[in-house]
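The primary structure of each chain is shown beneath.
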Amino acid sequence: MSKIYVVYWSQTGNTQAMAEAVGEGITQAGKEAEVLEVSAASLDDLKNVSSFALGCPAMGAEVLEETEMEPFVEEVEKFASGKNIALFGSYGWGDGEWMRDWVERMKSAGANVIGDEGLIINETPDDDGLEECRSLGQQLASL
């Protein structure tokens, strides 16, 4: 069974709920999902797979979390070329600029961003939002 990593950072639990739903979608599609907080994730593991998901909420002035997630993403950019990457996160304000910037960074690094955009959900994901996350996981697993 093929393993697909879902690496996330979450402050309030909203992005964690999204990550778990993405993992459920991967499992529903017949692949093995490993859902990990970014502090427990291995860059080497991501280097050795063709597909993975990254999740982070909007922080501050619509940026990625700067202590753990931003440095991790900077490292991922170095080997993202040719990878299938699903991006997701929750937000409480703004219009999704952090996600558009993140998608552009990954595309510039040569990644195939699933759906050509990131999945964003305002605040706590409801049932429909969680279903969107599962669908994202299924799309990622189908590649």
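By convention here, each chain's residues receive numbers from 1 onward along its written sequence. Thresholds applied to this predicted model are a pLDDT of at least 70 for local features of residues and 80 or more for the giving and counting of side-chain atom pairs; totals over whole chains, interfaces and linings are not thresholded and use all residues. Water and hydrogen atoms were dropped before computing side-chain values, which therefore reflect all heavy atoms in the structure.

Broken down by element type, the chain carries 5 helices and 6 strands. Each helix is a run of H or I in the DSSP string that is no shorter than four residues. Each strand is a run of E no shorter than two, and both are numbered from the N terminus. Listing every helix and strand of the chain by position from the N terminus yields β-α-β-α-β-α-β-α-β-β-α. Taking 2.2 N^0.38 as the reference for a compact globule, 143 residues should give roughly 15 Å; the C-alpha atoms of the chain span a radius of gyration of 13 Å, in line with that estimate. Relative accessibility under 20% of the residue-type maximum defines a buried residue, over 50% an exposed one, and the middle range a partly exposed one, all with a 1.4 Å probe and only protein chains included. Residue burial in the chain is summarised as follows: out of 143 residues, 50% are buried. As defined in this context, the radius of gyration uses C-alpha atoms, and a globule is described by 2.2 Å times the residue total to the power 0.38.

Turning our attention to the pairing of strand β3 (residues 51–55). Put simply, side chains in a regular strand alternate between the two faces of the sheet. In terms of residue burial, β3 counts as a mostly covered element, since 5 of its 5 residues are buried. The rule for pairing is simple: two strands pair if DSSP sees at least two bridges between them. Bridge count between strand β1 (residues 3–8) and β3: 4 bridges; the pairing is parallel. Bridge pairing in β3 links Y8 to G55.

Attention now moves to the packing of aromatic side chains. Stacked, tilted and edge-to-face are the three classes assigned to paired rings of Phe, Tyr and Trp, where Trp is represented by its six-membered ring and a pair needs centres within 6.5 Å; plane angles under 30 degrees give stacked, over 60 edge-to-face, the rest tilted. All told, the structure shown has 1 aromatic pair when counted by the stated rule. Residues Y91 and W98 carry aromatic rings whose centres are separated by 5.9 Å and whose planes lie at 45 degrees to one another, so their mutual orientation is tilted. Pair check on accessibility: Y91 and W98 agree, each one buried.

On to the nonpolar core. To define a nonpolar core, start from buried Ala, Val, Leu, Ile, Met, Phe, Trp, Tyr and Cys residues and group those joined through side-chain atoms within 4.5 Å. Grouped together as the largest cluster of nonpolar side chains are 31 residues, with contacts concentrated most on L54, V76 and W102. The set of elements that each furnish at least two residues to this core consists of β1, β3, α3 (69–77), β4 (84–91) and α4 (97–108). Broken down by element, the residue count for this core peaks at 5 residues, all from α4. With near-sequence residues (within four places) excluded, V76 lies in contact with L43, L46, F52, L54, I85 and M106. The contact criterion used is simple: two residues touch if any of their non-hydrogen atoms lie within 4.5 Å.

This paragraph deals with the pattern of salt bridges. Basic side-chain nitrogens of Lys or Arg form a salt bridge, by our definition, when they fall within 4 Å of a carboxyl oxygen of Asp or Glu. In the structure shown here, the tally under the stated rule is 10 salt bridges. K3 is the partner of E34 in a salt bridge, and the nearest nitrogen-oxygen pair spans 2.8 Å. Here K3 lies in strand β1 and E34 lies in strand β2 (residues 32–37), a separation of 31 residues in the sequence. R105 serves as the salt-bridge partner of E77, at 2.8 Å between the closest nitrogen and oxygen. Here R105 lies in helix α4 and E77 lies in helix α3, a separation of 28 residues in the sequence.

Here, patches come from residues exposed beyond 30% relative accessible area and free of salt bridges, joined within 9 Å for like charges and within 5 Å for nonpolar side chains (Val, Leu, Ile, Met, Phe, Trp, Tyr). Per-residue and other accessible areas were derived by the Shrake-Rupley procedure at a 1.4 Å probe size, with only the shown protein chains allowed to occlude residues. Asp and Glu count as negative and Lys and Arg as positive, but His and the ends of the chain are not part of the count. For the purpose of locating charges, the reference atoms are NZ of Lys, CZ of Arg, CG of Asp and CD of Glu. A surface patch of negative charge is lined by D126, D127, D128 and E132. Position of E132 relative to the elements: it lies in helix α5 (residues 127–141). Judged by its relative accessible area of 43%, E132 falls in the partly exposed class.

Moving on: the pairing of β2. In terms of strand pairing, β1 meets β2 through 6 bridges, oriented parallel. Looking at β2, one finds that Y5 is bridged to E34. The handedness of a crossover follows from its direction of travel: if, with the strands pointing away from the viewer, the path from the first strand over the helix to the second runs clockwise, the crossover is right-handed. Handedness of the β-α-β unit built from β1, helix α1 (residues 14–28) and β2 comes out right-handed.

Here the focus is the environment of L46. Tracing the backbone through its elements, the reader meets L46 in helix α2 (residues 43–47). Given a relative accessible area of 1%, L46 falls into the buried group. Residues L46 and K83, spaced 37 residues apart in sequence, show a C-alpha to C-alpha distance of 9.3 Å. Among all residues touching L46, those that are not within four sequence positions of it are Y5, V7, F52, L54, F72, V76, F79 and K83.

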